[in-house]
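Fold and contact review
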Amino acid sequence: MTAERRPTGLRLVGRYGLLLFVAFVTLFPIYTTLVAAFKPGSKVLVNPLVPDAFSLEPIINAWSDGNLGRYLFNSFVVAAIVTIAQVVTSLLSGYAFAMLDYPGRNALFALFLATLLVPIEATLVVNRRTIDSLDWLNTYQGLAVPFLATAFGTFLVRQALFAVPGELRDAARIDGAGHLAFLRHVGLPMIVPTIGALALFSFLSSWNQYLWPNLITTEESMNTVQSGLTLLRRSSIDEPNALMAGTVIAAVPIFAALLVFQRSLVRGLTSGAVKG
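Residues numbered from 1 in each chain as written. Predicted model: local features only at pLDDT ≥ 70, side-chain atom pairs only at ≥ 80, totals over all residues. Heavy atoms only, no water.

**Some thoughts on the environment of Thr218**
Where we set the bar: Helix and strand labels come from DSSP, where a helix needs a run of H or I of at least four residues and a strand needs a run of E of at least two; each type is numbered from the N terminus. Relative accessible area decides the class of each residue, using a 1.4 Å probe on protein chains only: under 20% of the type maximum gives buried, over 50% gives exposed, and in between gives partly exposed.
Structurally, Thr218 is set in the loop between α11 (211-216) and α12 (225-235). What makes Thr218 exposed here is its relative accessible area of 66%. Distance from Thr218 to Glu167, taken between C-alpha atoms, is 55 Å for residues 51 residues apart in sequence.

In structure tokens:
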């Protein structure tokens, strides 16, 4: 076997150049947002890309004037409900598709995955009418119930459970353990990274919801943080950095979650990808 050739010369320079370009495109909006968020309002339009002044006043004003504390609380409650529910439903459905043998399992799973192709816009009207008929407008359950299950989470858990040796299931069956006992004591501990990745995805997608909360909330006290940022922009036209400061506040939980669960994210997405 010949050793793998390492990239040299122009090829190596090209790779690093491409990485630097992607990093620049990714980080530049974050940089400009931070610069604008911590600049005094009188200087935000003067040298907008240069951090030549620093002040916490925009952050403080955005927090108080934008009522972001209440909106952050609403988003956290909804995201927590959705995350817990999606983890539970994905565990149960993923186990059923991976470990149980019944007629039409593969066809049903293909149909289940096909729901990923349906855009959320196609279900908004029906879901809005359903929530209205249940009198759930301006409620936490109205914000969370349509997202309690996810086909993507089922797919992740199913693929991860395929990596669990069948001998363990046979041994558990001989010991008298049922499906839920096996999932709790054997399957779940072996796919913790996948569950961590799923929880992170669920939390981030729920936290960043914008269209659905705007459809079913008419009371300002039930707005989520994304809707709150829109209100902050409308009420702070004369403060160009207010929206940037609010965006930084809203992004803090997201970056905190990514820092805490980044290892679980990588391990969870790659687990079950290679068999052997």
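**Topic: the nonpolar core**
Note the following rule: Residues belong to one nonpolar core when they are buried, are Ala, Val, Leu, Ile, Met, Phe, Trp, Tyr or Cys, and are joined through side-chain atoms within 4.5 Å. Contacts are residue-level and defined by heavy atoms, with any inter-residue pair within 4.5 Å sufficient.
Judged by nonpolar contacts, the single largest core of 20 residues is most densely connected at Ile59, Ala62, Leu68, Trp207, Val225 and Ile249. Those elements that provide at least two residues to this core are α2 (57-65), α3 (68-99), α10 (192-207), α12 and α13 (242-270). Non-local contacts of Ile59, meaning those with residues more than four positions away in its chain, are made with Ala37, Phe38, Ala245, Val248 and Ile249. Formed by 15 residues, the second largest nonpolar core is a distinct cluster that contains Leu91, Ala98, Ala172 and Ile195.

**Section: the layout of surface pockets**
Quick note on the threshold: Buriedness of a pocket was judged along seven lines, with at least five required to meet protein on both sides within 12 Å; pockets are open sets of points on a 1 Å grid over the protein atoms alone, cavities are sets where a 1.4 Å probe fits but cannot get out, and lining residues have an atom within 4 Å of a point. Grid points are joined across faces, edges and corners, and a volume is the space filled by probe spheres set on the points. Any residue outside Ala, Val, Leu, Ile, Met, Phe, Trp, Tyr, Cys, Pro, Asp, Glu, Lys and Arg is labelled polar, Gly included; the first ten of those are nonpolar and the last four are charged.
By volume, the largest pocket amounts to about 690 Å³. Counting only elements with at least two residues in the lining of the largest pocket, the list comes to α3, α5 (124-133), α7 (151-161) and α10. When residues of the lining of the largest pocket are assigned to their parent elements, the largest contribution, five residues, is made by α10. Grouping the constituent residues of the lining of the largest pocket by class yields 15 nonpolar, nine polar and no charged.

**Here we look at the packing of α3 against α12**
Quick reminder of the rule: Every axis in this analysis is a line fitted to C-alpha atoms, fitted for helices over the stretch in contact. Angles between the N-to-C directions lie between 0 and 180 degrees. Comment on the angle field: the value is read as roughly parallel under 35 degrees, roughly antiparallel over 145, roughly perpendicular from 65 to 115, and oblique elsewhere.
α12 packs onto α3 with a crossing angle of 155° between their chain directions and a minimal axis gap of 8 Å. If you check the angle between α3 and α12, you find them roughly antiparallel. Contacts between α3 and α12 involve Leu68, Tyr71, Leu72 and Ser75 on the former and, on the latter, Val225, Gly228, Leu229 and Leu231. For the contact of α3 with α12, the per-class residue count stands at six nonpolar, two polar and no charged.

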